[in-house]
Structures are given as C-alpha cells and as structure tokens.
Amino acid sequence: MQAGISGVRMIAAGAALMLCAGPVNAGDWPQWHGPNRDGVTPEVSGWTGSDWGITESWRSGVNNVTNTGYGVSSPIIVKRSTDTVPRIYIMGWRDGNDYLYCLNAENGSILWEESYTCPNYGRTANANKTHYKGVMASPAIDLDTGYLYTISCDGDVYCWDTTNSSDRTVWNFNLHTRYSNIPAASPEDYGAVASPLLYGDWVIVEVGDETGNVIAFDKTTGAESWRSANTDLKGWGSPVMVTVEGKPCVAAMTRTKMLVVRADAGHLGETLAEYAWDTTWSGNIPSPVVHGNRVFFARTDGSGYRAAAVDLTLSGYTTVFDTSGWYWGCSTAAIHEDNLYLVHARKVRCRGLDGSDVWTSTDILDDAAYGTFDAASIVVCAGDDKMIVWNGRDWGKLRLVEATASPASYRELASVTNVLQRKEEDHYPGYSHVIVGHGKIICTSIDGDMVCYSVDKQDEGTVTISEDTDEGLACYKIVTPTGTYYYDRAGGAFSSLLDTNNIDWINYHPTGGQLGSYRGIPNSGAFHPGDPGGISTTDNPLNTPLPKVTVHTTRNGWACRWEFFPKYARMTLHTKPLPDDKYWFLYEGTPGGQVGSDDVWWRSDGTFSTCWDVPDWTTTDMVNSSDAAFGSEWVFFSDGTLDRSLFLAHEDDAEIDDYWLMYDANGMTVFGFGRGSGIDLRMTEMPATLVIGLVESRDYNTVKSAIDRAWFRAGEMTGDADGDGMSDAWEDERLGGTDEQYGGPYEDMDGDGYCNLFEYVAGTDPTNGASLFKVSTGLSNGQVVVSYPKNLTTGAGYETLSQYYTLEYLSHLVTGTWQAVVGHSELPGDNSTNTYVPAVADDGMFYRAKVKLQ
C-alpha cells in the first residue's frame, strides 16, 4: 500500500498467495540513485501550490558542521527502527585517508566516523583529474542487518556494522589485491566508480577483471559467490537489478557494452544480453535505468551522443529505440509514471518510455564556462509529482520542476540560488548530488560541502483543548501557537479568536447587535455563538498538548467537525436536515480588535479593498480561485497596525460572496461565502469546508503562501483531514463517521481479510464480506487464465479520483522481483473484468494485481 499527500493510494492482491511487505520506512534513500535505483522517492517536495516550502536546516562550515572531504560520492539517508533520528552516511577523502561519516540528519553533527588509508585517485586512474577527486562510489546499506557497504576509488571494499560502536569493520579487501588482472581502461580510466548493489545475500560489484566484469560477494563474509562470464573492462555507471520473465538479472555498463547477466539459480553469471555501446573516452558514465523489463542507457563523448532502450526476454532483447537525437550525459536519468526525465545539453527533458518527446526546456543549465557535461542531478518526488534538479556546476542552483507529462511543457515552479559554491578552482563544481529522504533535501559538492533543507512542516507545534467560559458561554478553549479559539459548545461557533497579543478578532458579546451579539465564525445559519441547543464533544483528552484536536457539534439536524492544528483550524460541514437546506460561511468580527480605516481585505483573485470600502458586488461571485491553489477560494483581513492577518478559505464555487461594513469602527465586518444580498443563504453542497487561521504577516504573497499551505495540508486534495488515507466523505457514508469508533483504517469490519483502507482504495464495501478485490486463476481450453476486476468507483470520496490497475508476476518468492505484465500496466478502471493468458505456462509463477487510487 502506498499513500501520500498527492492523493495516491495503492493496494495489491495476489492469486493463490498474497504478500504484504514488512514495515518499510518510505523516507529511506538507502543506495545510489534512490530506493529503487530509478531516481524516485515517495517523499513530497514541499511545494505548497504557490511557493517551495523548504527551509535551510544546516550546512557545512556553520555551527560546527564538518566538511566531509573530497569526493563525488552521493550520500544516503535512512532511519532504521533502532535509530532515534534519520542518519546520513557519506564518504569523503582528505590528507591520505578515506572517511566514512554517520551524521545526524537533523543538525549535521557527527554521530561517528571511520577512516582508512587511501589515495585520492585510484591506481589505474589516468583520466582528466580536474573532473573528480576522492571517493566516487556511493554507500549502500542493508536495512535488515545495518551492514553498510562502501568502495574506495582504489578498490577498497568494506562492510561496516553500523550497530557496533566498538568494532565496525566486519570485513574488507582490495579489489586489485584479490584480482590482479584489473587493467586500466583506455584511453581514460577513473578508478573504481560503480556503487555496490545489494541483492539477496550478495554485494554485487562491477570489477572489470579479466576473469569477470560483474562479481557478487557474500554480504556477511565478503567471499566471492559468483562472477559474470563477460570479461569486459569496467564502465563508470553503477549496476541495477532487472527482472526478466520472473528471473533476476543485473544490468551494467561495461567499457564497450550494455551488459545483462543472469542472477538466478542454475544460471548465475550467464550472459543474457550484450548491446554494443563503445565510446571514445571510455565514457559509459551514466548508470542504466530500468522500467519493468526495459533497460534505458545513454552516452555522451567524442563518438557521438546517443540513447537507447531495449526490452529483455530470456532469449535476448528487442530494441525499442536507438537515437542520436538526444541523450543524458554524466547524469543518470529518472523514471516516473511512464516518463523518462533527464538532463541533456543544458536542458531538462521529459521523454516517453518509447523515446518520444514530451517536453524540453530551454538552455536553463548555464554551464558555458565548463562545457556541456550534463552533470546535474535529478530526483523525482512521487508524493506530489515534482522533480528537483541540482546543478552544482550552475553555481549552485536548485530547481523545482513539475514532473508530469501534462501540460506538455517544462514548468519550473521555484528555485534556490547560491546553494553551494565551488571552492577549489582547478576542479569543476560538477558531479554534485541531491538526495531526498525523511523530509530532507540534501545537496553535496565535490569539495565535501553539504547543505540540508527541511521540507516545511505546516503542523509543527501542539494544540491543547480545555473547558472554559467566554461571555457567559460554556466553551472549549483551544490554545495553538498562533492563537486561542473560544468555541461555544451549544452554538457550534467561535465567540472569540485571540491572537498572540491577546487581541480579539471576533469580539462576541451577548448583546448589542453589530456591537456584539451578531459576531462570530462561521455563523452559517445553523451554527452561531450564543444560540442554544447544540451538543459538542471532543475526541481528545483535556489539558494535553497534541498535534491536533477534534470537536464534533450537532444542532437541529446539522452536524459539523472542527479539527484544530497548530497554524489553522478546519471545519467540515457534513450533515444537514434536508437535501435542499442552504447555508453560508461568515466572518462577522473585528480585524485587529477594531475595524479601522486602514484595515485591508484581500481576495484570492489578487484584488483588495479597505474594510471601509464597501463594493456593490452583492450579486457576484467576487471571490474566486484565479490565484489560489487546489480549488480553493479565500480572503484575508489585515490589521493596519499589527503585522498580522486572519484568513478564511473555502472550496471554489460560483455562488455569490458578499462583503459590507456594518456601521463604523464600532461595528463589524460582514463577509460571507455564499451570502447573497440581505438574508440570502446560497450554498447547498455537502460536505463543505472552511479553513481559518492567523498569519504573522500582512504581505500578500506571504499570507497567500500560508493559506495555500494550510488548505493543502488540511487534506483538501484528498478530502482526508484526519490523515488516515480514507476520504472523510467515504467514511461518513460507509462507516458512519471519521472517528476511530466508527472503524479505523486498519480495522476489518466485515472480516474478509481487507482493512477499511484497502476497501476504500479498491472501491469495495467495508461492511460486506463478499465484496472483495482479488485475483483469480483458472483453466480455459487447457490454458491458464488470470483475471482481476477493474472497478471504477463513483460517489462520495471518489469525486476527483480514478482507479488504475497493474498486473504483476513473480517467479520466486524470495529472490524474485515483481514485474508488470506487458499491456497490463496502469489500466484505468472501467467496471470490467480483465484477463491475461500467459504465453508460456511457467511452474511456480505468482501473480498479483495492484489498484491505485489517484
């Protein structure tokens, strides 16, 4: 199962056997080029819809954060179950030694370090040494054992026990000592470059020995397990696993070929495919990347620019494309949702998996002083479909780009400049890396400097709820870092909202009309401070700091839920007495304590007015989403004296919105979403949302960013305010409510083996044990037939979502890798049953279907 802010959720069901992965920390970046060696992380980028929500946490040279030494090795970041904080592992060279550092990812401090004697260039290195220096291979960690594997530029292979503080070295050897026939590549050799690949019981290394190019070593002892029949000289990319008809294989770039060798029992090291790929400068630098059984590879050097892809079978390969029209150079491409993302000739490109052009940027990578080596690093954040491009050669610019095929154009969303600067003038500031994990974006340079950005956490801080009174009303008092809310438990509305200076932005009083009793939020027609008859309850213990507290109110057949977060509060109006009943959402109050002539209110279309300037717009949808994120419309009121604003956000609609000033400075603002002229309640949609909050700024862009972020974080993209992966509307309809008492995401209410979250994604009924998402196998005319449903669910909780189905197969439950069946990937749901007849009946083959809700 996969879930993220982007609204993507996935489950899998298997034929004859269903497999569930153990607890995996989705934030891990445990090896070169990411969790799956495809440049993709399930993390989000921090994009809020209007700005890049990242902040610098630490950098080398500041607050005693160390420089880790020369190298073009990529760091990794993981958090094992025994770790209290995420850990960064990184290699570097200085003063005749390689150093391995374990850093605290939160502040960059050294948790421990190890070192050993090593030259700054490998013994076979003869290439242009202005391009590189120090360690080149990236570490890889076995998350089960905590064993970490590293390779020096001179071929020192180490296994480290990260859990043993007294003696971390498990085993080590030098490749040149163990294998005396590792020749230098001609005309250029860079030493040991390829990063170790962990698979099963092996550490797989591209050695380039005359007796075997690829060699697998036992992870526990370091003993050789098997070697490839191919004996080519080594290339500079790192090997990657690829599954071919259910069989594990290794794809690697040798000096002259794209090589695929088998890694299954009885065929270890056998050559499956060789694709001629010679280069003038021994320049097979980028690593191959894999999608299913398709391998992509490229080159750039004096022999010409070139990119290719092949589909593998156990009989060999079929060429998908082989082109000189585009390529990727020293940077390895990334693959996300059937698109290939790459850097080519100062451009960022998106290509289809068939090589077709989707979009291409202009020459954005300004590297004129150093040539076009295309050394930028790319990471795709699958959590929100964004791509981070880091080009240390471009004087340290970090870019955030839309990683989608639609719209069909390059779209740069934001950038950060002067991230890291080159220090040593005789080295290119190139081969720099960016990785993403555990809410961190980490950039490195060849000089050994690092900078870490944290994805902003909108919900930092705690919320405390208690019982209190306000203006004679029995209230819940909710204290947050940005303000204090007094919630009338009978009226289901706010009587006071105090900012951090204890100034009341509502100022309800039980008498006085516009001077007191009219005031409140949301004043919806059903919920207003001072009105009797409502019943409010909370899910949370009183007087206890929590990340979020929830309050439920019912009154006269209406029902709503408020969730209070550190920087905003969210109301969901989910029940009304009759289908045609109408409502509005109002702010009737006093910005900054009193309505002043210099108070201003801004609208999400970018226009504004003073609070004393009353527009005659009572028949117009005057607030719209033209400058808002994620389908919202909003306003915010700024006090003329305080550097502070109050915002209100609501789903974008075409209903009339109204504002007027009720009398004078002693009166109140009257703003309403869905309020027509006079007493004209306009809105009918259910459920409906209102998000409010205080922001410590009057600047339009700053407040807009906070609103967009609050709306985004509050779950409006998925309608999942409680963050349990299930749509709130679906929970209300199918389970009876969103609280745990109605059934949490991992409860199985109907006893069919599928929890509520799985039922939501699959579109099945969580209260009917016969309603299942499953794969079936059977025989038809003597042939095996695999079938699975392709539901397309509609109704509450699915309004903007669709299901997509992928059928996968596996030949071995332990060493195999799930691989998509050709023609059965990302198929949209259409309420039919799909079938697949395997071309060859293979004993022991397993099948599973995955459904993604997006």
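Further up the page is the structure itself.
Engineer: Give a detailed account of the overall build of the protein chain, specifying residues and quantitative values.
Structural biologist: Counting secondary structure elements, the protein chain contains four helices and 58 strands. Counting the 854 residues in the protein chain, one finds 61% classified as buried. Of the contacts formed within the protein chain by residues at least 6 apart in sequence, a portion of 58% connects residues at least 24 apart.

Engineer: Describe in detail the pairing of strand E6 (residues 87-94), supporting the description with residues and values.
Structural biologist: The buried fraction of E6 amounts to seven of the eight residues, a majority that puts the element mostly inside the structure. Sheet topology places strand E5 (residues 76-78) next to E6; three bridges connect them, and they run antiparallel. Looking across to E6, one finds that Ile76 is bridged to Tyr89. Both E6 and strand E7 (residues 97-104) contribute to a ladder of eight bridges, which runs antiparallel. What sits directly across from Met91, in E7, is Leu100. A loop of two residues connects E6 with E7, the two strands running antiparallel in sequence, and Asp95 in this loop sits at a positive phi of about 55 degrees.

Engineer: I'd like a description of the pattern of salt bridges, backed by residues and values.
Structural biologist: Using the criterion set out here, one finds 29 salt bridges in the structure. In this structure, the salt-bridge partner of Asp83 is Arg87, at a minimum N-O distance of 3.4 Å. Considered together, Asp83 and Arg87 belong to a single accessibility category, that of buried residues. The structure contains a network of salt bridges with shared partners spanning Lys386, Glu402 and Arg411.

Engineer: Describe unusual backbone geometry, and please don't skip the residues or the numbers.
Structural biologist: Cis geometry is found at the peptide bond from Ile521 to Pro522, where omega equals 5 degrees. If you trace the backbone, Pro522 turns up in the loop between strand E39 (493-498) and strand E40 (535-538). In this structure, Pro687 follows Met686 across a cis peptide bond, with omega equal to -10 degrees. Examined against the element boundaries, Pro687 turns out to sit in the loop between strand E50 (668-673) and strand E51 (688-695). Notably, Arg37 is not glycine yet its phi reads approximately 60 degrees, a positive angle. Residue placement: Arg37 occurs in the loop between strand E2 (9-15) and strand E3 (40-41).

Engineer: Mind laying out the sheet that holds strand E11 (residues 156-161), listing which residues take part and the relevant values?
Structural biologist: Taken in spatial order, the four strands of this open sheet run E9-E10-E11-E12, and their pairing is antiparallel. Only two strands of the sheet have a single neighbouring strand rather than two, namely strand E9 (140-141) and strand E12 (169-174).

Engineer: Please give an account of the sheet that holds strand E28 (residues 357-360) that cites residues and values.
Structural biologist: On the basis of which strands lie adjacent, the open sheet formed by four strands has the order E25-E26-E27-E28 and antiparallel pairing. Among the strands making up the open sheet, the edge pair consists of strand E25 (334-336) and E28. Here the average twist between neighbouring strands, direction ignored, is 25 degrees. Strand direction decides the pairing type here: strand E26 (residues 339-344) and strand E27 (residues 347-352), joined by six bridges, are antiparallel. Counted as the bridge partner of Val343 is Val348 from E27.

Rules used throughout
For every chain, the first residue of its written sequence is number 1, and the numbers climb from 1 along that sequence. With pLDDT at 70 or above as the cut-off, local features in this predicted model cover only qualifying residues; side-chain atom pairs require 80 or more to be listed or tallied, and sums for whole chains, interfaces and linings still use all residues. Based on all heavy atoms of the structure, the side-chain values leave hydrogens and waters out of the count. What counts as a helix is a DSSP run of H or I of at least four residues, what counts as a strand is a run of E of at least two, and both are numbered from the N terminus. Residue exposure (1.4 Å probe, protein chains only): buried if accessible area is under 20% of the type maximum, exposed if over 50%, otherwise partly exposed. Contact definition: two residues touch when any of their heavy atoms are within 4.5 Å. Should DSSP find at least two bridges between two strands, the strands are taken to pair. Each salt bridge in this description consists of a side-chain nitrogen of Lys or Arg and a carboxyl oxygen of Asp or Glu lying within 4 Å of one another. Note on geometry: axes are C-alpha line fits, over the in-contact stretch for helices, and angles between N-to-C directions span 0 to 180 degrees.

Geometric values such as these leave the question of function open.
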